[in-house]
Amino acid sequence: DAGITQSPRYKITETGRQVTLMCHQTWSHSYMFWYRQDLGHGLRLIYYSAAADITDKGEVPDGYVVSRSKTENFPLTLESATRSQTSVYFCASSLDPGGGYTFGSGTRLTVV
Amino acid sequence: KQEVTQIPAALSVPEGENLVLNCSFTDSAIYNLQWFRQDPGKGLTSLLLIQSSQREQTSGRLNASLDKSSGRSTLYIAASQPGDSATYLCAAHGSSNTGKLIFGQGTTLQVKP
């Protein structure tokens with residue numbers, strides 16, 4: 001199906017483990033984004049990408065790594081998970097910088 | 001630094017009422033503004049996108065306005081229905097035009113039958 005898909009939908013991991021959240025879009029949108037959503041903080045940008053092989057930090061990048069070797073994929077890796085990274089993570093894409101965003105369904109990550 | 005504020009944080013209205021959700025932003029040099037809807041446990045659904053050169057956008061019972069000079073946007077919902085119950089978020093594209101959206105905290109709307 002066309003669209004933007006995130007996997008897994010739910011994930012429980014232990015402190016210190018590496019975990020990767022996947023994001024795949026089928027529109028060939030240039031721009032892709034990772035946000036986290038927490039009570040009291042709303043949605044905060046972690047990383048974004050303007051095109052394949054171009055990524056940049058957002059508001060809260062510490063502890064996260066991204067890559068974008070292909071236009072359609074934008075994985076987010078937590079190098080060593082901490083409890084403070086328990087959150088709901090949303091991936092989004094946009095055709096151009098001023099265009100409308102489309103969001104994925106989110107990944108609920110719990111770090112124990 | 002752009003900041004986006006939404007007031008009130010929560011709103012409860014009876015079915016059929018017309019209502020207005022407010023969004024304010026600190027940097028008037030925004031590129032555009034987008035309104036989203038989020039249902040509990042779900043992702044965000046785009047409702048309306050207002051380009052910086054526009055003053056309003058309409059979709060069905062929804063109308064969003066943008067006043068850059070005052071740093072405000074409003075989302076007007078006509079004849080509210082219980083199915084409109086959700087959290088509504090506004091987000092501003094920064095003036096740097098990098099595509100980054102700055103989100104407000106949202107207004108949680110409950111429409112009572």
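Note: the structure precedes this text.
Now for a description of the structure that goes with this document. Because the structure is predicted, anything quoted here is derived from the model rather than measured.

Basis of the calculations
- Residues numbered from 1 in each chain as written.
- Chains lettered and ligands numbered in written order.
- Predicted model: local features only at pLDDT ≥ 70, side-chain atom pairs only at ≥ 80, totals over all residues.
- Heavy atoms only, no water.
- Helix = DSSP H or I, 4+ residues; strand = E, 2+ residues; numbered from the N terminus.
- Rg over C-alpha atoms; globule rule 2.2 N^0.38 Å.
- Buried < 20%, exposed > 50% of the residue type's maximum accessible area, 1.4 Å probe, protein only.
- Areas by Shrake-Rupley, 256 points an atom, 1.4 Å probe, with all protein chains shown as cover.
- Contact = heavy atoms within 4.5 Å.
- Buried area = accessible area lost by both parts, 1.4 Å probe.
- Polar contact = N/O pair within 3.5 Å; in protein donor to acceptor, adjacent residues only side chain to side chain.
- Pairing = 2+ DSSP bridges.
- Axes fitted to C-alpha atoms, helices over the stretch in contact; angles between N-to-C directions.
- Phe/Tyr/Trp six-rings, centres within 6.5 Å; stacked < 30°, edge-to-face > 60°.
- Lys NZ or Arg CZ within 6 Å of the ring centre and 35° of its normal.
- Disulfide = S-S within 2.5 Å.

1. Focus on the overall build of chain A
- Each helix and strand counted, chain A has zero helices and eleven strands in total.
- Secondary structure elements of chain A occur, N-terminal to C-terminal, as β-β-β-β-β-β-β-β-β-β-β.
- At 13 Å, chain A has a C-alpha radius of gyration in line with the 13 Å of a compact globule built from 112 residues.
- Judged by the C-alpha coordinates and their principal axes, chain A covers about 35 × 30 × 25 Å.
- For chain A, the proportion of its 112 residues judged to be buried stands at 47%.
- As presented, chain A carries roughly 5,300 Å² of accessible surface, and 48% of it is formed by carbon and sulfur atoms.

2. A closer look at the interface of chain B and chain A
- Taken together, the contact between chain B and chain A spans 22 residues of the former and 21 residues of the latter.
- Of all residues in chain B, the largest losses of buried area upon contact with chain A belong to B:Leu44, B:Lys100 and B:Phe103, amounting jointly to 28% of the total for that side.
- Taken together, the connections running from chain B to chain A amount to eight residue pairs in polar contact (both at pLDDT 80 or more).
- Elements that contribute at least two residues to the side of chain B that touches chain A include exactly β4 (32-38), β5 (44-51), β9 (86-93) and β10 (101-103) of chain B.

3. Digging into the sheet that holds strand β8 (residues 76-78) of chain A
Residue and element names in this part refer to chain A.
- Ordered in space as β1-β3-β8-β7, the four strands form an open sheet in which the pairing is antiparallel. The open sheet has two edge strands, β1 (4-7) and β7 (64-66), and neither has a second partner. Across the sheet, the mean angle from the axis of one strand to that of its neighbour is 15 degrees, orientation sign disregarded.
- Here three bridges tie β7 to β8, and the two strands are oriented antiparallel to one another. Within the sheet, the bridge partner assigned to Val65 lies in β8 and is Thr77.

4. Digging into the packing of aromatic side chains
- By the definition in use, this model includes twelve aromatic pairs over all chains.
- For the ring pair A:Phe33 and A:Tyr48, a centre distance of 6.4 Å and an interplane angle of 20 degrees mean the geometry is stacked. With A:Phe33 in strand β4 (residues 31-38) and A:Tyr48 in strand β5 (residues 42-51), this pair connects stretches of sequence that are 15 residues apart.
- Judged by its relative accessible area of 9%, A:Tyr48 falls in the buried class.
- Judged by centre distance (6.1 Å) and plane angle (45 degrees), the ring pair of A:Tyr35 and A:Phe103 falls under tilted. Taken together, the residues A:Tyr35 in strand β4 and A:Phe103 in strand β10 (residues 102-103) connect sequence positions 68 residues apart.
- Members of the aromatic cluster, connected to one another through ring pairs, are A:Tyr31, A:Phe33, A:Tyr35, A:Tyr48, A:Phe90, A:Tyr101, A:Phe103, B:Phe36 and B:Phe103.
- Sitting over the ring of A:Tyr10, A:Arg9 keeps its end group 5.4 Å from the ring centre.

5. Considerations on the state of the cysteines
Residue and element names in this part refer to chain A.
- A complete count under the given rule lists two disulfides over all chains for this structure.
- Here Cys23 connects covalently by a disulfide to Cys91, the sulfurs 1.8 Å from one another. Judged by the sign of its S-S torsion, about -75 degrees, the bond between Cys23 and Cys91 is left-handed. Placement of the pair is Cys23 in strand β3 (residues 19-25) and Cys91 in strand β9 (residues 87-94), with a sequence separation of 68 residues. Summarising the burial analysis for this pair, Cys23 and Cys91 share the class buried.

6. Focus: the side chain of A:Ser87
- Within the secondary structure, A:Ser87 sits in strand β9.
- A distance of 3.1 Å separates a polar atom in the side chain of A:Ser87 from the backbone oxygen of A:Gln37.

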